[in-house]
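# A look at the structure
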Amino acid sequence: MVTLVKTRRRINSVKTTRKITNAMEMVASVKLWRYWRVMSRSDAFIRTIEEIIVHLQNELPPADTFNAKRHGRLIIVVNSNIGLCAGYNNDIFRFASSVLKPTDRIIPIGMKGKSHYKNLDYQFDDSYTMLNDKISFGEIAKFAFSLLEEFYRLNYESVQIVYMNYLASMTYKPTIEQLLPLKKPAQASSSALLGPVIEPNAQTLLEQILPTYLANKIYHAILVAQVSEQASRRVAMKNATNNASDILDKLQLEYNKARQNAITQEITEVVAGGNN
């Protein structure tokens, strides 16, 4: 009888777990679709603004923007606020460790990153940890403007961002992109058609468009990371739900055997009592 009670409790516990993981899988699926739609729209805008940036750079004379007074790099590491997304965060932190240097300063975007880096020997800034919570473009624009100001004050050699790049529904890969300084574009083709007239000049327009470009690059990276996170969580919760179902089948079989044995024992006792 004791075995039956214990097995029934385990069955109820596993059923509850399966309900939770199944619900989390559905939530992750909804969020994945929502972020994917926003990311797709952001893709087109990023491509367009990058084309404009490249054209403006091609209009400027070649110049070496590196200054010897700059020191260290600023690395933005995009991670998640909660777990239950398989190896998503571990993959990000492992990749970041492979590219980080002792002189780098880290800004984690995500609570898991804050917990991971706060006790490590890196310059650490947790002022923007929750930028990936509701993904407000206004807040990201303020963040981008502060980065640009610090870069102009010659605080950093470069500003780079590490995030999980979404490739397919079950394929995501950690990547690093340089945000500042802007990469030099490839040499424009001599056969290119005459470009648009730029007023007042390419340098002024580039300086005006740079904050918008930087904000959108960070915004897009966080969106891509969210799509990867939700895809990873959906797969993890689906696997957890399937594992719970397998355990439930085994426990149900164990319960049925124990129940049958208990019934057989009771019948045997009744028969033995009747013979006496």
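These numbers come from a predicted model, not from an experiment. (Residues numbered from 1 in each chain as written. Predicted model: local features only at pLDDT ≥ 70, side-chain atom pairs only at ≥ 80, totals over all residues. Heavy atoms only, no water.)

## Quick notes on the overall build of the protein
On a plain count of helices and strands, the protein comes out with five helices and five strands. Put simply, the protein runs from its N terminus to its C terminus through helices and strands in the order α-β-α-β-α-β-α-β-β-α. Taken over the C-alpha trace, the protein has a radius of gyration of 28 Å; the compact-globule value for 276 residues is 19 Å, which it surpasses by more than 25%. Counting only C-alpha atoms and orienting by the principal axes, one finds that the protein spans roughly 110 × 45 × 30 Å. Sorting the 276 residues of the protein into buried and exposed places 37% on the buried side. Taking the intrachain contacts of the protein between residues at least 6 apart in sequence as the baseline, contacts between residues at least 24 apart amount to 75%. (Helix = DSSP H or I, 4+ residues; strand = E, 2+ residues; numbered from the N terminus. Rg over C-alpha atoms; globule rule 2.2 N^0.38 Å. Buried < 20%, exposed > 50% of the residue type's maximum accessible area, 1.4 Å probe, protein only. Contact = heavy atoms within 4.5 Å.)

## Here we look at the pairing of strand β5 (residues 171-180)
Bridging between strand β4 (residues 158-168) and β5 involves nine bridges; their strand directions are antiparallel. Note on β5: the bridge partner recorded for Ile161 is Glu177. Counted along the chain from β4 to the antiparallel partner β5, the turn is two residues long. (Pairing = 2+ DSSP bridges.)

## Side note on the sheet that holds strand β3 (residues 123-124)
Here five strands make up an open sheet; going across it, the order is β3-β2-β1-β4-β5 and the pairing mixed. Looking at which strands have only one partner, the edges of the open sheet turn out to be β3 and β5. Direction of pairing for strand β2 (residues 105-109) relative to β3: parallel, over a ladder of two bridges. By the bridge assignment, Ile106 is partnered in β3 with Phe124.

## A word on helix α4 (residues 137-152)
Here α4 is 16 residues long and its end C-alpha atoms lie 22 Å apart, about the 22 Å a rise of 1.5 Å per residue gives. Along α4, the residues classified as buried are Ile140, Phe143, Ala144, Ser146, Leu147, Leu148, Glu150 and Phe151. Residue Leu154 follows α4 closely and has a positive phi angle near 65°. (Expected span 1.5 Å × (residues − 1).)

## Quick notes on helix α2 (residues 88-99)
Over its twelve residues, α2 extends 17 Å from the first C-alpha to the last, a length consistent with the 16 Å expected when each residue adds 1.5 Å. What α2 keeps buried is the set Tyr88, Asn89, Ile92, Phe93 and Ala96. Buried residues of α2, viewed axially, fall in a sector of 120°; they line one side. Set apart from the buried face of α2 by more than 90 degrees, the exposed residues are Arg94 and Ser98. (Arc of directions from axis to C-beta.)

## Observations concerning the environment of Val5
Within the secondary structure, Val5 is located in helix α1 (residues 2-59). A relative accessible area of 34% means that Val5 is categorised as partly exposed. As for Val5 and Leu253, which are separated by 248 residues in sequence, their C-alpha atoms are 14 Å apart.

## A short note on the packing of aromatic side chains
The tally for this structure, following the rule as stated, stands at five aromatic pairs. Ring geometry for Trp33 versus Trp36: centroids 5.4 Å apart, planes at 15°, classification stacked. Within this pair, Trp33 and its partner Trp36 are both found in helix α1, separated by three residues, close to a single helical turn. Geometrically, the ring pair formed by Phe93 and Tyr117 is edge-to-face, given 5.6 Å between the ring centres and 85° between the ring planes. Note that Phe93 is positioned in helix α2 and Tyr117 in helix α3 (residues 111-117), a separation of 24 residues in sequence. The exposure class assigned to Phe93 is buried, which follows from its relative accessible area of 8%. The rings of Phe93, Tyr117 and Tyr122 are connected pair by pair, giving a single aromatic cluster. Above the ring of Tyr255, the side-chain terminus of Arg8 is found at 4.5 Å from the ring centroid. Seen from the ring of Tyr35, Arg34 lies directly overhead, with NZ or CZ sitting 5.0 Å from the centre. (Phe/Tyr/Trp six-rings, centres within 6.5 Å; stacked < 30°, edge-to-face > 60°. Lys NZ or Arg CZ within 6 Å of the ring centre and 35° of its normal.)

## A word on the confidence of the model for the protein
Reading fine detail from the predicted coordinates is not recommended where pLDDT is low. Mean pLDDT over the protein works out to 88, with 91% of the residues at or above the 70 mark. Counted against residues more than four places away or in other chains, residues 189-193, with its pLDDT under 50, gives zero contacts. (pLDDT = per-residue confidence, 0-100.)

## Re the nonpolar core
Counting residues in each nonpolar core, the largest one holds 56 residues, and the members touching the most others are Ile76, Leu147, Val159 and Ile218. Secondary structure elements with two or more residues in this core: α1, β1 (73-78), α2, β2, α4, β4, β5 and α5 (202-275). For this core, the element with the most residues is α5, which contributes 16 residues. If sequence neighbours within four positions are ignored, Ile218 has contacts with Ile76, Ile140, Phe143, Ala144, Leu147, Ile161 and Leu179. Leu4, Ile11, Tyr255 and Ala258 belong to the second-largest nonpolar core, a separate cluster that totals eight residues. (Core = buried A, V, L, I, M, F, W, Y, C linked by side-chain atoms within 4.5 Å.)

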